[in-house]
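Summary of the model geometry
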Amino acid sequence: MPMIEQSDEAGAIDPGNVEFFDFENDEEYRKDPQGRLNGLRDRHRLFYTPKGRKSLLGGGTWVFTHGADIRAVLQDPETFRSSGNRPFGKALGENWVLVPIDLDPPEHTRMRKFMNPLFSPKRVAELAGKVERRAVELITPLQGRQGCSFIEDFARPFPVTIFLEMFGLPVSEMPKFVDWVEAIIHSQGQVQLDAMRELRDYLAIVIEDRRQSPRDDLISLAVTAEIEGKALTYDELMGMCIMLFMGGLDTVTSSLSFIFRHLAENPEHQEFLRKFPDMIPTAIEELLRAYPIITTGRIASRDVDFDGIVIRKGENVACPLACSSRDPDEIDGSTEIDLTRNPNRHSAFGFGPHRCIGSHLARRELVVAVEQWLKLLQPFRLPPNVQLSATGAGVVALDTLPLVW
Ligand code: HEM
């Protein structure tokens, strides 16, 4: 077997450590992404796939499958850097990067310190009433029906409405934002680039408007804030706004898709939560653990040896969080879905300095979604003979989720 040629910086890879795993088209992965990723651990501690992930810089990537390794990689930003991984601003010919995911310490630490209070449990608690209202507004029109397209009717618009609330934008903008999510996160090439440009132009106007006349919203807070005595630059503000768009919308939609499929396929779990709604927050943690949606990436900043397998400086690495959250060495009884599991040290929100800043908000949205669905609608299930599939490397989501009741 020929050696796999890598980028200029990297050397050749031993064929024994190569597996052609295609995050985009692998059939088993498309049917059961978390199960397929978790199964990779049976054969490899880590392996190299020339297919890579399109959201990385092209080319191949090393894939880690053990929870302990994934934690170690994500907790070591000096060796495995995040910057340079997602060149969206560059694609538009601009200088901004996604803030803070595309920064490494110390710049990352500085921005994270500024952003953390914007997503604190206290701020999320202040939003709670609005989150509930938005959920009810989307579910109420479904009450007279006997089924719906869960993703189009609920999972996609719901987080967009919360994002618009936080940014102080009118909810009437929702269809436009839903289209941008679709084009930017689920498309490629010109469609993706055009949508990114439109979103950038839209946000540039909002940023300027809030500079002139600040209000009570997240952008106003950011444009009027100072970090170490200096106002945030246009690039920092734009990078942060686009990051929140990319990090806060599709992730919630994707998680909702797997959580609701699980409830539709497991009527006993639905019944349990209808009977004991106080258990919903605990159950959400377990469903996040069982169905992580993110495979995140890093770039090695130096050669690193993992028991004789050498990752070279400049090579991509991928950390599927489905592997760490389902690893029996990390979680006792990891194969069983136990809605009462507590404590639950899952890794659906990642590890280390880049661990999800929006986790409190995400949890609130997921809890409210399940609470209100169970409260306002009858028991739901999948229609007969439906074949579900999932797509996505960095963030995986079900393509469709028809529900009937
Ligand atoms: C269920 C929903 C969500 C999941 C599963 C999720 C998961 C994650 C994960 C795994 C990371 C770490 C990525 C890495 O290490 O490369 C992350 C980072 C991030 N997430 Fe989330 N997320 C969710 C919702 C949200 C929401 C609602 C927001 C904001 C409103 C958000 C904002 C961010 C930001 C800004 C980062 C980058 C943090 C940093 O670089 O320091 N996420 N998320």
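Description of the structure in this document. Every chain is numbered on its own, with residues counted from 1 as its sequence reads. With the structure being a predicted model, the display of local features is reserved for residues of pLDDT at least 70 and the display and counting of side-chain atom pairs for 80 or more, all residues being used for whole-chain, interface and lining totals. Hydrogen atoms and water are omitted, and side-chain values are computed over all heavy atoms in the structure.

Once that is clear, we can look at the site of the ligand. Near, as used in this document, describes a residue that has one of its heavy atoms within 4 Å of the molecule or strand being considered. Lining the immediate surroundings of the ligand are 27 residues, of which H108, R112, T296, H354 and C356 lie closest. Side-chain polar atom of H108 to an oxygen atom of the ligand: 2.6 Å apart, as the coordinates give it. A 3.5 Å cut-off defines polar contacts: any pair of N or O atoms within that distance qualifies, except that in protein one atom must be a possible hydrogen donor and the other a possible acceptor, and neighbouring residues in sequence count only when both atoms are side-chain atoms. Between R112 and the ligand, the recorded distance is 2.7 Å, taken from a side-chain N or O atom to an oxygen atom. Of all the elements in the fold, those that place two or more residues in the shell around the ligand are α5 (107-115), α12 (234-248), α13 (250-265), β7 (295-300) and α17 (359-376). Here the nonpolar group is Ala, Val, Leu, Ile, Met, Phe, Trp, Tyr, Cys and Pro; Asp, Glu, Lys and Arg are the charged ones; every other residue, Gly included, is treated as polar. The residue makeup of the shell around the ligand, split by class, is 15 nonpolar, nine polar and three charged. Runs of H or I in DSSP of at least four residues are treated as helices and runs of E of at least two as strands, each being numbered from the N terminus.

Turning next to the pairing of β7. Summary of the burial criterion: residues with accessible area below 20% of their type's maximum are buried, those above 50% are exposed, and those between are partly exposed, where the area comes from a 1.4 Å probe applied to protein chains only. For β7, the tally of buried residues reaches six of six residues, placing the bulk of the element in the interior. Of the two faces of β7, the one holding T295, G297 and I299 and the one holding T296, R298 and A300 are both buried throughout. In terms of strand pairing, strand β3 (residues 80-81) meets β7 through two bridges, oriented antiparallel. Bridge assignment links R81 to a residue of β7, and that residue is I299. Note: β7 against strand β10 (residues 316-320), five bridges, orientation antiparallel. Note that in β10 the partner of R298 across the bridge is V317. In short, DSSP must find at least two bridges between two strands for them to pair.

A word on the sheet that holds strand β1 (residues 46-49). Across the sheet, which stays open at both edges, the five strands sit in the order β1-β2-β10-β7-β3 with mixed pairing between neighbours. The open sheet has two free edges, formed respectively by β1 and β3, since each of these has just one partner strand. Summarising the sheet, β1 and strand β2 (residues 61-64) pair through four bridges and their orientation is antiparallel. The residue bridging L46 from the neighbouring strand is F64, located in β2. The contact rule is simple, with two residues in contact once any of their heavy atoms fall within 4.5 Å. Whenever a helix is involved, its axis is fitted only over the stretch in contact; in every case the axis is a line through C-alpha atoms, and angles between N-to-C directions fall within 0 to 180 degrees. Here helix α3 (residues 67-74) sits on the sheet and contacts β2, β3, β7 and β10; the angle it forms with β10, its principal contact strand, is near 125 degrees.

Closest axis-to-axis distance for the helix α8 (residues 157-167)/α12 pair is 10 Å, and the angle between their directions is 155 degrees. With respect to each other, α8 and α12 are oriented roughly antiparallel. Like other packed secondary-structure pairs, α8 and α12 cross with a definite hand, here right-handed. Seen from α8, the contacting residues are P159, F163 and F167; seen from α12, they are C241, L244, F245 and G248. Residue composition of the contact of α8 with α12, by class: six nonpolar, one polar and no charged. Angle categories are assigned with fixed cut-offs, so that under 35 degrees is roughly parallel, over 145 is roughly antiparallel, 65 to 115 is roughly perpendicular, and the rest are oblique. Left-handed describes a crossing in which the near helix is turned anticlockwise from the far one by less than a right angle; the clockwise case is right-handed.

Among protein atoms, the single one acting as a donor to the iron atom of the ligand is C356 (SG), 2.3 Å away. Mapped onto the secondary structure, C356 falls in the loop between α16 (321-325) and α17. Only nitrogen, oxygen and sulfur atoms within 2.8 Å of the metal, or 3.2 Å for Na, K and Ca, are treated as donors, and water is left out, so sites may look incomplete.

With that out of the way, let us pick up the nonpolar core. In this structure, F260 and W373 are the most contacted members of the largest nonpolar core, which totals 132 residues. Residues in contact with F260, not counting those within four places in the same chain, are F150, A369, V370, W373, F380, L401 and L403. Side-chain atoms within 4.5 Å are what join buried Ala, Val, Leu, Ile, Met, Phe, Trp, Tyr and Cys residues into a set we call a nonpolar core.

Further remarks concern unusual backbone geometry. For the bond running from V99 to P100, omega is 10 degrees, close enough to zero to count as cis. By the secondary structure assignment, P100 is in the loop between α4 (88-91) and α5. Note the cis peptide between P105 and P106, where omega equals 5 degrees. Secondary-structure assignment places P106 in the loop between α4 and α5. Even without glycine at this site, E228 takes up a positive phi of about 50 degrees.

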